[in-house]
Amino acid sequence: MENRIVVDTLRVLLGAVLIVILYLQIVGLPWLSGVIAEDLPAEAYMRWPILALSIAGLACVQVGVVSTVHLLGLTRKNDVFSHRALRWVNALIGAALAGSLVCLMTILYQSSTVAGPPLWMLLLLCGVLVGVGIALLLTVMRSLLIQATTLRRDMDSVI
């Protein structure tokens, strides 16, 4: 019972995160990029590429959140040791790698145009490294999930 409350609460919070991210993608970031383009007319040409990269980065986060919600659903049903869980773990790995790629593309784009502040570039570099690190960690966790699924199936056949 206690596990269900935690899982349901986490699913509601992740749903709220999805709504906030969707709002940012549709309203917040386009408005902000317009304001920045007006304030910095010399760099206004960067508005659309940076906006597209920002929306793509948030889409990677959305994929990760949706995958986590589905994995929580499998946990709630005590069905996490199944091949259905592998699909969602693969999606998490892909989202982490795609997020790293978006950060790397942003670094390359800004380096070839107008480099941002050093702290911004450092944060983007950290985004690349963290995304790759998360993908590697999830790959190890995926192999553990495969082993646990195999062991559970073997134990079910014995019993």
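Structure's up top.
All residue numbers refer to position in the chain's written sequence, counted from 1. pLDDT decides what is reported in this predicted model: residues at 70 or higher carry local features, side-chain atom pairs at 80 or more are listed and counted, and totals for whole chains, interfaces and linings draw on all residues regardless. To get the side-chain values, take all heavy atoms of the structure and skip hydrogens and water.

K.L.:
Can you lay out the overall build of the protein chain for me, pointing to particular residues and giving the numbers?
P.N.:
Per the convention used, a helix needs a DSSP run of H or I reaching at least four residues, while a strand needs a run of E reaching at least two, with both numbered from the N terminus. Along the protein chain, the regular secondary structure elements total 4 helices and 0 strands. Across the protein chain, helices and strands are ordered from the amino to the carboxyl terminus as α-α-α-α. In terms of its C-alpha atoms, the protein chain occupies a principal-axis envelope of roughly 70 × 30 × 20 Å. Within the span of the protein chain, comprising 159 residues, buried residues form 29% of the whole. Only the protein chains shown count as cover for residues, and all accessible areas are computed by the Shrake-Rupley method using a 1.4 Å probe. Of the roughly 10100 Å² that the protein chain leaves accessible, carbon and sulfur atoms contribute 75%. Each charge class in the protein chain was averaged separately, 10 positive and 8 negative side chains, and the resulting centres sit 12 Å apart. Here the term buried applies to any residue with accessible area under 20% of the maximum for its type, exposed to any over 50%, and partly exposed to those in between, with areas from a 1.4 Å probe on protein chains only. Note on charges: Lys and Arg go in the positive column, Asp and Glu in the negative column, and His and the chain ends are not counted at all. To locate a charge, take NZ of a lysine, CZ of an arginine, CG of an aspartate or CD of a glutamate.

K.L.:
I'd like a rundown of the packing of aromatic side chains, residues and numbers included.
P.N.:
For Phe, Tyr and Trp, where Trp contributes only its six-membered ring, two rings pair if their centres lie within 6.5 Å, and the inter-plane angle classes them as stacked under 30 degrees, edge-to-face over 60, or tilted in between. One pass over the structure, following the stated rule, counts 0 aromatic pairs. By definition, being over a ring means that NZ of Lys or CZ of Arg is both within 6 Å of the ring centre and within 35 degrees of the ring normal. Taking the ring centre of Trp-48 as reference, the NZ or CZ of Arg-47 above it sits at 4.4 Å.

K.L.:
Kindly report on the nonpolar core, identifying the contributing residues and their values.
P.N.:
Leu-71, Leu-74, Ala-85, Leu-86, Val-89, Leu-92, Ile-93, Ala-96, Ala-135, Leu-138 and Leu-145 together form the largest nonpolar core, which totals 11 residues. Elements with a minimum of two residues in this core: helix H2 (47-76), helix H3 (83-112) and helix H4 (118-158). At 6 residues, the largest contribution of residues to this core is made by H3. Contacts between residues were defined by any pair of non-hydrogen atoms, one from each residue, lying within 4.5 Å. Discounting residues that sit within four places of it in the chain, Ala-96 has contacts with Gly-131, Ile-134 and Ala-135. Buried residues of nine kinds, namely Ala, Val, Leu, Ile, Met, Phe, Trp, Tyr and Cys, make up a nonpolar core once their side-chain atoms join them within 4.5 Å.

K.L.:
Quick rundown of the side chain of Thr-149? Include the residues and the values.
P.N.:
Examined against the element boundaries, Thr-149 turns out to sit in helix H4. Under the relative-accessibility criterion, Thr-149 is labelled buried at 5%. Among the polar contacts made by the side chain of Thr-149, one reaches the main-chain carbonyl oxygen of Leu-145 at a distance of 2.7 Å. Look past the residues within four positions of Thr-149 in its chain and what remains in contact with it is Phe-81, Ser-82 and His-83. Polar contacts, as used here, are pairs of N or O atoms within 3.5 Å; protein pairs need one atom able to donate a hydrogen and one able to accept it. Residues neighboring in sequence count only if both atoms are side-chain atoms.

K.L.:
Got a sec to walk through the pattern of salt bridges? Specific residues and values, please.
P.N.:
Any Lys or Arg side-chain nitrogen found within 4 Å of a carboxyl oxygen on Asp or Glu counts as a salt bridge. Summed over the entire model, instances satisfying the criterion amount to 1 salt bridge. With a closest N to O distance of 2.8 Å, Asp-8 and Arg-76 form a salt bridge. Of this pair, Asp-8 sits in helix H1 (residues 2-39) while Arg-76 sits in helix H2, and the two are 68 residues apart along the sequence. Relative accessible area serves as the criterion here: at 28%, Asp-8 is assigned to the partly exposed category. Residue classification places Arg-76 among the partly exposed positions, given a relative accessible area of 31%.

K.L.:
Quick rundown of H2? Include the residues and the values.
P.N.:
In a helix, the anticipated span is given by 1.5 Å times the number of residues less one. Given a rise of 1.5 Å per residue, 30 residues ought to cover 44 Å, and the 43 Å separating the end C-alpha atoms of H2 matches this to within 8%. Remark: Asn-78 follows H2 within two positions and exhibits a positive phi of approximately 55°.

K.L.:
Residues and numbers for the packing of H2 against H3, please.
P.N.:
Here H2 crosses H3 at 165°, and the two axes come no closer than 9 Å. Here H3 runs roughly antiparallel to H2, going by the angle between their axes. The chirality of how H2 crosses H3 is left-handed. Partitioning the contact of H2 with H3 into residue classes produces 19 nonpolar, 8 polar and 1 charged. Axis lines are fitted through C-alpha atoms, for helices just across the contact stretch, and the angle between N-to-C directions can take any value from 0 to 180 degrees. Orientation categories follow fixed angle ranges, with anything under 35 degrees roughly parallel, anything over 145 roughly antiparallel, 65 to 115 roughly perpendicular, and all other angles oblique. In this scheme the crossing of two helices becomes right-handed for a clockwise turn of the near helix relative to the far one and left-handed for an anticlockwise turn of less than a right angle. The nonpolar class holds Ala, Val, Leu, Ile, Met, Phe, Trp, Tyr, Cys and Pro. Asp, Glu, Lys and Arg form the charged class, and all remaining residues, Gly among them, are polar.

K.L.:
Describe the packing of H3 against H4, with residues and values.
P.N.:
It is the contact of H3 with H4, at a shortest axis distance of 8 Å, that shows an interaxial angle of 165°. Considering the angle they form, H3 stands roughly antiparallel to H4. Read as a crossing pair, H3 and H4 show a hand that is left-handed. When its residues are assigned to classes, the contact of H3 with H4 shows 21 nonpolar, 10 polar and 2 charged.

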